[in-house]
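# Structural overview
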Amino acid sequence: MIYDFVMSLLGVLLILYVISFTLYLVRVFKGPTIPDRVLAIDSLGYDLAAFMVILSVYLRSPLIAVCALSLSLWIFVLDIYVAKYLEAREMGD
Amino acid sequence: MDVTPLIIAFIAAIISVVSTWLAVQEKDLIIATLFSAVQSTCYALLYYLLMAPDIVLVYLPVSVGLLPLLTITLIKKTERFEE
């Protein structure tokens, strides 16, 4: 009873996460400035990490939940690179 | 058989194709690097959905960590806009 309820709730959550990915990707593809795009990719990565954990619960395989940690750590690095590039260009020249 | 991972894998594959096309077309090379990062993230999700978490753990540092670092360093040494 409770198991079926949790599984159906996770199915609804997966659909909601896919919709939020679409909205983030619209911002990545359309975004007027570079910080918009970087922030959208950042949020997309963190959302994707939560999505991976939910999917590992949904598929009942706890081994694949480790990838979310690596993804959420490495997506953040992209932020630092772009910020360093933009800031160095503005400050240095 | 549950088809939910297959549908999500289909969506991720289409998004990766679109972002690869935009990365090739884009004239601003920083934005092209960002599109390439989106494509790498979609590939990581694809590997994850195909039940290969070890490949995800190796692919993420290379594609999201090393590749944008090298590309942005190169853009910094040369020009930002493609002619």
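Owing to the predicted nature of the structure, the values given are computational and were not obtained by experimental measurement.

What counts and how
Residues numbered from 1 in each chain as written. Chains lettered and ligands numbered in written order. Predicted model: local features only at pLDDT ≥ 70, side-chain atom pairs only at ≥ 80, totals over all residues. Heavy atoms only, no water. Salt bridge = Lys/Arg side-chain N within 4 Å of Asp/Glu carboxyl O. Helix = DSSP H or I, 4+ residues; strand = E, 2+ residues; numbered from the N terminus. Buried < 20%, exposed > 50% of the residue type's maximum accessible area, 1.4 Å probe, protein only. Lys, Arg positive; Asp, Glu negative; His and termini not counted. UniProt positions renumbered as here; feature names shortened; annotations may be inferred. 1 Å grid on protein atoms, 1.4 Å probe; cavity = no way out; pocket = protein on both sides within 12 Å on 5 of 7 lines; lining within 4 Å. Points joined across faces, edges and corners; volume = space filled by probe spheres on them. Nonpolar A, V, L, I, M, F, W, Y, C, P; charged D, E, K, R; others polar.

## Quick notes on the pattern of salt bridges
Residue and element names in this part refer to chain B. Per the counting criterion, the structure on display carries 1 salt bridge over all chains. One salt bridge in this structure joins Arg80 and Asp28, with 2.9 Å as the shortest N-O distance. On the criterion of sequence distance, the pair formed by Arg80 in the segment after helix 3 (53–77) and Asp28 in the loop between helix 1 (4–25) and helix 2 (29–49) is long-range, its members being 52 residues apart.

## So, the side chain of Asp42 of chain A
Following the sequence through the fold, Asp42 of chain A ends up in helix 2 (residues 34–58). One buried charged side chain, Asp42 of chain A, makes no salt bridge at all; its nearest oppositely charged neighbour is Arg27 of chain A, positioned 15 Å away.

## A look at the UniProt feature "domain: MrpA C-terminal/MbhD" (unreviewed entry) in chain B
The UniProt entry lists residues 15–80 of chain B under the feature "domain: MrpA C-terminal/MbhD" (unreviewed entry), expressed in the numbering used here. Regarding residues 15–80 of chain B, the helix share stands at 86% and the strand share at 0%, and the terminal C-alpha atoms are separated by 25 Å.

## Regarding the layout of surface pockets
The volume enclosed by the largest pocket comes to roughly 200 Å³. Every residue lining the largest pocket is counted, 14 residues in all, and those nearest its centre are Phe21 and Leu25 of chain A together with Ile15, Cys42 and Leu45 of chain B. Elements with a contribution of two residues or more to the lining of the largest pocket: helix 1 (2–30) and helix 2 of chain A together with helix 1 and helix 2 of chain B. Across the lining of the largest pocket, the residue classes tally to 12 nonpolar, 2 polar and no charged.

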